[in-house]
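Reading the structure
The residues making up each chain are set out below.
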Amino acid sequence: MSEHGTVSVSGVHPPVSEIFELTLDGDLPENQPLEMVRRDGYSGTWKHNGPVVKGVQTRRFKIVQIGYCRTFDEVQTKLIQHGKIPEGQWRQAYKTAYPKPDGNGPIGIADSSWVLPNGRACFPYVLTDGYSDFCWTDHAFNDFWRWLVEVSK
C-alpha cells in the first residue's frame, strides 16, 4: 500500500462500470486541495470551497462514461444516476493506484470546488497521458471523457 492510496496489483485501469476500491490519506500534504494545484504547476491565489477528505479512508468507486454533455451541470446530473460525485482529492488516490496511462481518454472527478484567481470554477482530472490537471467547468465535454463516481456497498 502506498501513502497516497491503494496500489493496483496489475496496474491495469479498471474497465468502465467495474467497482473497485481506493484508499486516500486526506491528511498528507500532497493530498491537500491547494497542494494539488501547486503540484500540477499552477500558481496564484486559487481557492478551494468544497468538502475535504480527512484521515485515511477507503471507498468504492467505478468509472463511467455518460456521453456528450453540453455543460458541466449536465455532467453532474448524469453522474448522479451512477453514484455520488466524490471529493476531487480522490484523483490523487486514483493516480497512485493506476500510475500508467491507459490512453482511453481523460478521467474527471466532477467536483468543481477549485476556483481560479479569475473566479472560474475548475475540477481535477487525469489526462489521457496520465498527467493530472484542472479543467474549467464552462465548456462542453465529448464522449471520450470518463468520470470517477463513488458507489455504496
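Fair warning: this is a prediction, and the values are worked out from it, not measured in the lab.

The next point concerns helix α2 (residues 72-80). By the burial criterion, the buried members of α2 are Phe72, Val75 and Leu79. What you see down the axis of α2 is that its buried residues fit within an arc of 50°, all on one side. For α2, the exposed residues set more than 90 degrees away from the buried face come down to Asp73, Thr77 and Ile80. Packing partners of the buried residues in α2 comprise β3 (56-64), β6 (121-126) and β8 (146-151).

Across all of its chains, the model carries 10 salt bridges by this definition. Across the pair arginine 70 and glutamate 74 runs a salt bridge, and its minimum N-O distance is 3.7 Å. Note that lysine 78 and glutamate 74 form a salt bridge whose closest N and O atoms lie 3.5 Å from each other. Of the two residues, lysine 78 and glutamate 74 are both situated in helix α2; the distance of 4 residues between them amounts to about one turn of the helix. With a relative accessible area of 24%, lysine 78 lands in the partly exposed category.

Summed over all chains, the structure comprises 20 aromatic pairs. With 5.5 Å between their ring centres and 45° between their planes, phenylalanine 123 and tryptophan 147 make a pair best called tilted. On the criterion of sequence distance, the pair formed by phenylalanine 123 in strand β6 and tryptophan 147 in strand β8 is long-range, its members being 24 residues apart. Across this residue pair, the class does not change: phenylalanine 123 and tryptophan 147 are buried. Feature note: the residues Phe72, Phe123, Tyr125, Phe141, Trp145 and Trp147 constitute an aromatic cluster, connected by ring pairs. Cation over ring: arginine 91 sits above phenylalanine 134, and NZ or CZ is 5.0 Å from the ring centre. When the ring centre of tryptophan 136 is taken as reference, the NZ or CZ atom of arginine 120 above it lies at 3.5 Å.

Reading the values: rules and limits
Residues numbered from 1 in each chain as written. Predicted model: local features only at pLDDT ≥ 70, side-chain atom pairs only at ≥ 80, totals over all residues. Heavy atoms only, no water. Buried < 20%, exposed > 50% of the residue type's maximum accessible area, 1.4 Å probe, protein only. Helix = DSSP H or I, 4+ residues; strand = E, 2+ residues; numbered from the N terminus. Arc of directions from axis to C-beta. Contact = heavy atoms within 4.5 Å. Salt bridge = Lys/Arg side-chain N within 4 Å of Asp/Glu carboxyl O. Phe/Tyr/Trp six-rings, centres within 6.5 Å; stacked < 30°, edge-to-face > 60°. Lys NZ or Arg CZ within 6 Å of the ring centre and 35° of its normal.

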